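# Breakdown of the fold
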Amino acid sequence: MVKSMKMPVGYHKHCDKCYNVHCQVPAQTSVSCIVVKCHKNCGASLHMCKQEEHQLLCPNEIVPCLNVYYGCPLTMLRHRLAKHLEVCPASLVCCSQEWNRWPISETDLTFYRNVSENPVVNTEENLDVAMAHRDQEQLFQSIKMKNIFPELILEDSAVQNIAAGINSPADNACCSVDGGEYTENGSAKLDEELSQEERDTLAKCTDVTSIQNYSSWEKIFNKEKEGCKETIKNLNKGEKGKEKEDQESSKSQKELHQGGECPVTARTMDGATGLAPWQDGVLERLGKEVNIAEYNMYLVHNGVMLINFGQLAACTPREKDFVYGSLEPIEVKSVRTFNVPTSYRAKRNHLKDPSRKAQTTHQSVDTSDLGISIEDLPKCEEVSTTLLCSLEKELKGHSISESVSTDGLYTDIGTQTYIFSSAPFKQDASLADVIAGKPCRLYLYIEAESVTRRHNKTSSAFSYMCGHYFRRDEYCFHFKNVHSDIQASLNGWFQQRCPLAYLGCTFTQMRFHPTGQEAIVKFSKDGSTLVLQPKANSSLCAGGKTFSPQRNDAQNLDPLSSLPLEIIQHIAGYLDSFTLSQLSQVSHLLREMCATLLQERGMVSLKWEKKKHSSEGSSWICQKKVWKFSSQFSSVDRWSFSDTPSMSNHLGTCSFYQREDRTEPVALPCLGEVRDKHGKLKHKR
C-alpha cells in the first residue's frame, strides 16, 4: 500500500490553488482559511496561510542590499533596491580607459632634458609632464630584466647546486630496483656514510642549501622507496609461489608414480598446462591457445615477471635480430642536397660582378679585436638600452641583432652584448629596482595616443590603463571630465606650450577653467589622478597663521576644527569625494566627521588574504572591509577660456626665440623672369 504524504502544518488544499481575492469558501480547519490583507500595506489580499510566502515577494518588506556580501550594510524596502544600486557604496566600476605612450627618440632630447633638470617645470600644474612621469613609473615596474636580458641574471643557488651534482640528504633514501642491494626482509640497504642519527640531525638543520625544497624532495623519494618495497614484496611472493608449485608438482608426480601412471602424462596434465609467468614453456603454450591480442595483453601485464624468471629476454640478442643483426656501421658523410630552384631571383644586393668581388675570410669577431680591455669598454645606460630592446621587440616582433634569413641562400647572423654597471641583476628585479636611488629623467613622450595600430594592446608594456574605482553614479562624470575633456585635448588645446618647445623651451599655460568657478586643474601624486583645486582667498587664513599637522595641541587647531560640529557637517555635505578624502587627513576630529559620510558618499571593497592550510592547500578569505572616498572631483558641465595672456607675449621674452635681422636686399627668384620680360619688350619697341 502507498502511504499518504504528510502535509506541512497550516497547509490547506483549497488555499494552495485559490487566487480569488473575493473568495467565499468558508474557513475550515483542514480545507481553507480566511482571506486577509498584507500587514505591510502593499495592497495584496491573500489567504492567511500564505503570509510567510508573501514576505519573499512583498515590495514593502525590509530587506538587505543585493550587495550585502560585498560590504554594503544598508537595509531598505524591497521596491527601492533597484534605485539604490545607482548609489550603492559596494557597486563599484573600474575605469578601463587605455592609452599608449612611447619612448623618446634621440632627436628630442633637448626639451626632455630641460624638463627633467628644471625643478619649477616638474610641478603639479604641468599636467602632461606629471602624467608622463606617472606612466613611466608604472612602465619601469612592469618591465622585468630577466625577460629582456636573461644572460645577465643571477643564477639561483638551488639551480647551481643541482647542476653541479650536489645531492641532498634525502638522495640517500632513494633506492633502485635494478641496482640496489636488499636485505632478507626486503628493505633496501642505506648508504653507510651517515648513520641514522646524523641523517635526522641533518634533516632538521635549517642551514642546508635550498631547505625550502626539502619537503618536495622528501615526497618524491618516499614514493620511490615505497615503490621499491612493493616490488620486492611481489618478487618474494613470486619466489615462494614457485617453490610451492614445485613442491606440489613433485608430490603429485610421486602419487601418480605410485598409482602406476606415467610421470610424463602427469606433468602434461598439471605443470605443462599452467599459464603462470614462472612456469616453463608458458609463452609457447600461449601462442598456441590464445589469439595475438590476448598474447600481447599478457606480455604487457606480466612482462616484468617474465624477464625476472628468465622466460623472456630483456633485449633481443644480435644474432637473433633479423632486422639489425646483419647491419654494419658506415661512415656518415654530410651531403648537400639543396638545389637552387630555377625560379629563384637573387636580391639586388647580391647581384655583383664576381671579378670585382672583394676577398673575404670567415673569422670570429670579438671585443678583444678592438684592443681595449673589458674594464675600459663604455658602459650601457640601463634605462635607454632596456627601453630600446623592449620597443624593438614590441614593434618589430623580435630582439635586436636577431638572426634573420634574407632569402633561401643567405642568413644574417647577428649578436649583441651589453655591459651594465649594475649587472648582474636579481631574478625578480624590475627596471624600477635597478635605477632605485638614482636621478631619473623623463624617457617617455608627453603626448599620449588613445588609438594605435602598431601593436597588440593586450600584451603591450607601453599601454596604460586608468584603473581607478568609482561609485556607479560617479563613473560617468569621471570619464567625461578626466578622459574626454582634459586628457583627450591636453596637448595644444587644454594646455598650451611654447611653439619653440622643440628647441627646449618649457613654458606652458592653462587655457580653460570650469564655468562659474575659479579653479585650476592639477595632478595629484598621492591619488595619481587629475583633480580640481579651487583658488582659495588668502584672507580666509586665520591672520596668516601657519598650521602644522604634526602637532595636535589645542593651539594648533586648523580654522575648520574651531567651528561647531553642525556647521562642519553642513560644509562637508557640499564637498566632492576627493576633497573629503583630503579633509579626513587634516585632524582626528575631521576624520571622525568624514567617517559619518562614508555610507552616503564613500565606497566599500573587500580586502582578501590568502591563507595556507595544514594540508598544504590554500584558500582566500575576506580579511576586512575597506571604506574610502574615490578620487572624483566636482563634475564640470562646461569649460570657459581663462583670462591668460597671449602666447605672443611670452615669445617676446622667450630665450629660445632668436630673431635674425637682415638689411641687405635679396633678389627673389621671380624677379629674374620679370626683368627678362621687360628687356624683351624694350627690344621690340
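Residues numbered from 1 in each chain as written. Predicted model: local features only at pLDDT ≥ 70, side-chain atom pairs only at ≥ 80, totals over all residues. Heavy atoms only, no water.

## Describing the environment of Glu61
Locating Glu61 in the fold gives a position in the loop between α2 (51-54) and β3 (62-64). Looking at Glu61, the relative accessible area reads 16%, which means it is buried. Distance in space between the C-alpha atoms of Glu61 and Met76 is 8.1 Å, their sequence separation being 15 residues. Among residues more than four places away in sequence, those in contact with Glu61 are Lys40, Gln55, Met76, Leu77 and Arg78. (Helix = DSSP H or I, 4+ residues; strand = E, 2+ residues; numbered from the N terminus. Buried < 20%, exposed > 50% of the residue type's maximum accessible area, 1.4 Å probe, protein only. Contact = heavy atoms within 4.5 Å.)

## Let's talk about the pattern of salt bridges
A complete count under the given rule lists eight salt bridges for this structure. The closest approach of N and O atoms between Glu382 and Lys438, which form a salt bridge, is 3.8 Å. One end of the pair, Glu382, is in helix α13 (residues 382-395); the other, Lys438, is in the loop between α14 (431-434) and β9 (463-465), with 56 residues separating them in the sequence. Owing to a relative accessible area of 7%, Glu382 belongs among the buried residues under this scheme. Relative accessible area serves as the criterion here: at 40%, Lys438 is assigned to the partly exposed category. Residue Arg662 pairs with Glu660 through a salt bridge whose shortest N-O separation is 3.1 Å. (Salt bridge = Lys/Arg side-chain N within 4 Å of Asp/Glu carboxyl O.)

## Digging into unusual backbone geometry
The amide bond that connects Ala423 to the next residue, Pro424, takes the cis arrangement and shows omega of 0°. Looking at the element boundaries, Pro424 is found in the loop between β8 (411-412) and α14. At Asn41, a residue that is not glycine, the phi angle is positive and equals roughly 60°. By the secondary structure assignment, Asn41 is in the loop between β1 (35-37) and β2 (45-47).

## Quick word on a nonpolar patch on the surface
On the surface, a nonpolar cluster with roughly 280 Å² of combined accessible area is contributed by Leu560, Leu563, Ile567 and Ile571. As for its position among the elements, Leu563 is in the loop between β15 (529-534) and α16 (565-572). A residue is classified by how much of its surface remains accessible, and Leu563, at 34% relative accessible area, is partly exposed. (Patch = residues over 30% accessible without salt bridge, like charges linked within 9 Å, V, L, I, M, F, W, Y side chains within 5 Å. Areas by Shrake-Rupley, 256 points an atom, 1.4 Å probe, with all protein chains shown as cover.)

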